[in-house]
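Fold and geometry: a report
The lines below spell out each chain.
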Amino acid sequence: MSESKPPTPTPGDTYKGWLFKWTNYIKGYQRRWFVLSNGLLSYYRTQAEMGHTCRGTINLATANIAVEDSCNFVISNGGAQTYHLKASSEVERQRWITALELAKAKAVRMQAESDDSGDDCPAVPPTSGQGGGGRNSEIQSTLRTLSSKVEDLNTCNDLIVKHGSALQRSLSELEGLCVGGDMGEKMRQVTERATLFRITSNAMINACRDFLSLAQNHSKRWQKALQVERDQRIRLEETLEQLAKQHNHLERAFRGATVLPPSFSNPNLGSKGGGSGKGDASDEDDDNEFFDAMEDPAEFITVPAETKYHRRSGSNVSGISSETGMDDQSVNFDELSLASNPESPQPLELEPVRQRRTHIPDKPNYYLNLWSIMKNCIGKELSKIPMPVNFNEPLSMLQRLSEDLEYYELLDKAAKCQSSLEQMCYVAAFTVSSYSTTVHRTGKPFNPLLGETFELDRLSDCGYRSLCEQVSHHPPAAAHHAMSEKGWTLRQEITLASKFRGKYISIMPLGSVQCFFDKSNNHYSWKKVTTTIHNIIVGKLWIDQSGETDVVNHKTGDRCHLKFTPYSYFSRDVPRKVTGVVTDKDGKAHYVLSGTWDEKMEFSRVMQSSKGENGTEGKQRTVYQTLKAKEIWKKNPLPEGAENMYFFSSLALTLNEAEEGVAPTDSRRRPDQRLMEDGRWDEANAEKQRLEEKQRIVRREREREAVKAASSPEEAVSEDSINDSPLKTDAVETGTEANEISDETDTEDSPPLTPVASPYGPPHPPYQSAHPDNYQPMWFEKLDDPVSGESLHVYKGGYWEAKEQGSWDVCPDIF
């Protein structure tokens, strides 16, 4: 912003400043000068245009203001005008939101007062003054008028009773009177009393008519006043939600400075059932609330369950885990578990811990012709395309794997669950949460060097620590092992297969993720879905996750089928949608999960299921009757200024922070990655080439030793002569693909995998295809999993012991 703004603008002030406005997919966000005055938001290209050229204006009285993320928000008036805006920071966005909401409230109030001025209300005297005082005096005057009318009705009622009694007596006397001279006198009395009764009745009817007319005249004004109060309540709730987010951010920052007792370090324990949301005002009566219908034409739909499934006596609280699951009363399940668990850690004294960093140098703006690099790479593996650091982010793939632990609290809660089906819900939510950090992360992580490691030690503040190692280079594979004091272990081995298709890049993770829980001995496994990066050549880069995966409990046979719906411009579904159904070993559904992989996930207990009609693709849909949905996971807000720091989360900002005592092979010590983070990209590119050349030399030497150990001396000499012969040079000079045959381009981003055809003869197989690499990982060993039947690298121990002793003799010099 060009000028400083007060944190809370007053409603009557004119608010001005720079904002970024979305224009189109070619130009993206453009900087514009916005002016907020008298309930109207106008924008100009520059401040100089304010006197003569306005580019657009929107009336806030009929507009809707919605917040998208930390810096973005949308203003729309129902479809005719929609402004997608972005502030320079979260604080600046909050200032604008506050100013816009105050201006909208004032515009709505002024419009209501303008409409009320034309109402025909002669019984109400005109009020002087403005604001709350004028409104109160008007209400008091109306109440006095209505009270006088009510008193008139009471008086008429008394008269009717009096005259009615007299009329009744006269009629009785008339009936007992014999025919005679007094007959005319009695008839005259009856006529007079009947006349008085009719006059009194008419007076009562007129008073009632006046009362009704007055009520009708004021009804419209009362409805408008009620709507204004309702709108103000909604705005206060939204403001409260923003304050809660800011409080959560401050609390997270405070937890980074000190170790708090468990009752303070986890704010979700005390507020799990009272999370603020736009629909939380209706959560007062759980017995009357159910999960809204969610429809997926190809698979299943969910509808509210009947009340008989939802009501339950209070004596059934003890059976939440094993019998009824996480339904409406299980909102306090964690609190009950913690209160009754004798093994819960007692509050510790506050002790200082390491202050983690919250900022890294801003990303430089380097120009690079993407098409000049990509035009010759269509159809190839992404790992075979030599990439400069301009397309990277200053983190390695090992550190990206460690980011899966961003929401480790889900596994902590899963470890406390008594029911395996409940535990499955938390594990499935953890599976989805690992993708939330990728929504804006279009940069490519550094491919790790062979033998590179990364440790994430959060044992003191979070109760877990993890270790990653690059265990193979042909094909590239990384192993990850994490262990928590809360009773769970996570391990995974990931190999990436990727294809560049011109407009997009598809990345298919191969391998599985496994999670073990000590208390229940439950063993879960799942696979990651496909990641697609769109608009590689033209337009704004964006990422989508798509595919289906099953989270399987190998001990009980429980299964959660998750579906990541790919984005479609013509679909009516919300973007980045994820749905899932938790079933037992017999295929009976117990829970339904829904949400988005970039924002939050909810779950609801299934009470009844039935087969519905066929969907659009001819598949028979299943209809689930469910209880009210509960939030199980929500994404943490990004730190302030994340758009200038590669959109890193709070955890990602700390991953590459220099730390003492780590192994010499740790990613934090990688020089090209460190230079890139500091903004010295030219030096980083040169250092990257040096590291790749060093890795090629070490690999060729390792292959020669493998050949000598496996063959006779004569064969070894023959192999060496082949390796040093001019065959490779001739192949390069004759036009053969260098990155397929020659070791000279075997970079960390371009490992040779298969031979290609040459126009001058049959293909020459790469040297390493005849003599595979005999590299052995330092901290992992390859084993066959007896449960899942897969072969994967498992942590064999020794790393943390070596760190305590400061002995890193086994670590190679890779940097």
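Predicted, not measured: the structure shown is a model, and the values here were computed from it.

Section: the overall build of the protein chain
When helices and strands are tallied, the protein chain shows 20 helices and 28 strands. Taken over 815 residues, the protein chain has a buried fraction of 46%. Here the contacts in the protein chain between residues at least 6 apart in sequence split such that 59% fall between residues at least 24 apart. Total accessible area on the protein chain is roughly 41100 Å²; 52% of this is exposed by carbon and sulfur atoms.

Examining a nonpolar patch on the surface
Together, Trp-542, Tyr-567, Tyr-569 and Phe-570 line one region of the surface with nonpolar side chains, adding up to about 560 Å² of accessible area. Its place among the elements puts Tyr-569 in the loop between β21 (559-564) and β22 (577-583).

So, the confidence of the model for the protein chain
Regions with low pLDDT should not have their predicted coordinates read in detail. In this model, the protein chain carries an average pLDDT of 74, and 71% of its residues clear a pLDDT of 70 or more. Predicted confidence is poor over residues 118-132, with pLDDT under 50, and the contacts of this stretch with residues over four places away or in other chains come to 17 contacts. Overall, residues 307-350 carries pLDDT values under 50, and its contacts beyond four positions in sequence, including any with other chains, amount to 76 contacts.

Quick notes on the packing of aromatic side chains
Per the counting criterion, the structure on display carries 19 aromatic pairs. Centroid distance Trp-542 to Tyr-567: 5.4 Å. Interplanar angle 80°. Geometry classified as edge-to-face. Within this pair, whereas Trp-542 is found in strand β20 (residues 542-553), its partner Tyr-567 is found in the loop between β21 and β22, the two being separated by 25 residues in sequence. Residue classification places Trp-542 among the partly exposed positions, given a relative accessible area of 31%. Look at Tyr-567 and you get partly exposed, because its relative accessible area is 42%. Measuring from centroid to centroid gives 5.2 Å for Tyr-799 and Trp-808, while their planes differ by 50°, and the two rings are tilted. Each member of the pair, Tyr-799 as well as Trp-808, carries the same accessibility label: buried.

Regarding the pattern of salt bridges
Counted according to the given criterion, the structure contains 29 salt bridges. Put simply, Arg-233 and Glu-237 hold a salt bridge, and the shortest N to O gap is 2.7 Å. One end of the pair, Arg-233, and the other, Glu-237, are both in helix α3 (residues 183-255), 4 residues apart, so they sit about a helical turn from each other. Look at the salt bridges and you will find they share partners, linking Arg-356, Glu-659, Asp-666 and Arg-668 into a network.

About the cut-offs
Residues numbered from 1 in each chain as written. Predicted model: local features only at pLDDT ≥ 70, side-chain atom pairs only at ≥ 80, totals over all residues. Heavy atoms only, no water. Helix = DSSP H or I, 4+ residues; strand = E, 2+ residues; numbered from the N terminus. Buried < 20%, exposed > 50% of the residue type's maximum accessible area, 1.4 Å probe, protein only. Contact = heavy atoms within 4.5 Å. Areas by Shrake-Rupley, 256 points an atom, 1.4 Å probe, with all protein chains shown as cover. Patch = residues over 30% accessible without salt bridge, like charges linked within 9 Å, V, L, I, M, F, W, Y side chains within 5 Å. Salt bridge = Lys/Arg side-chain N within 4 Å of Asp/Glu carboxyl O. pLDDT = per-residue confidence, 0-100. Phe/Tyr/Trp six-rings, centres within 6.5 Å; stacked < 30°, edge-to-face > 60°.

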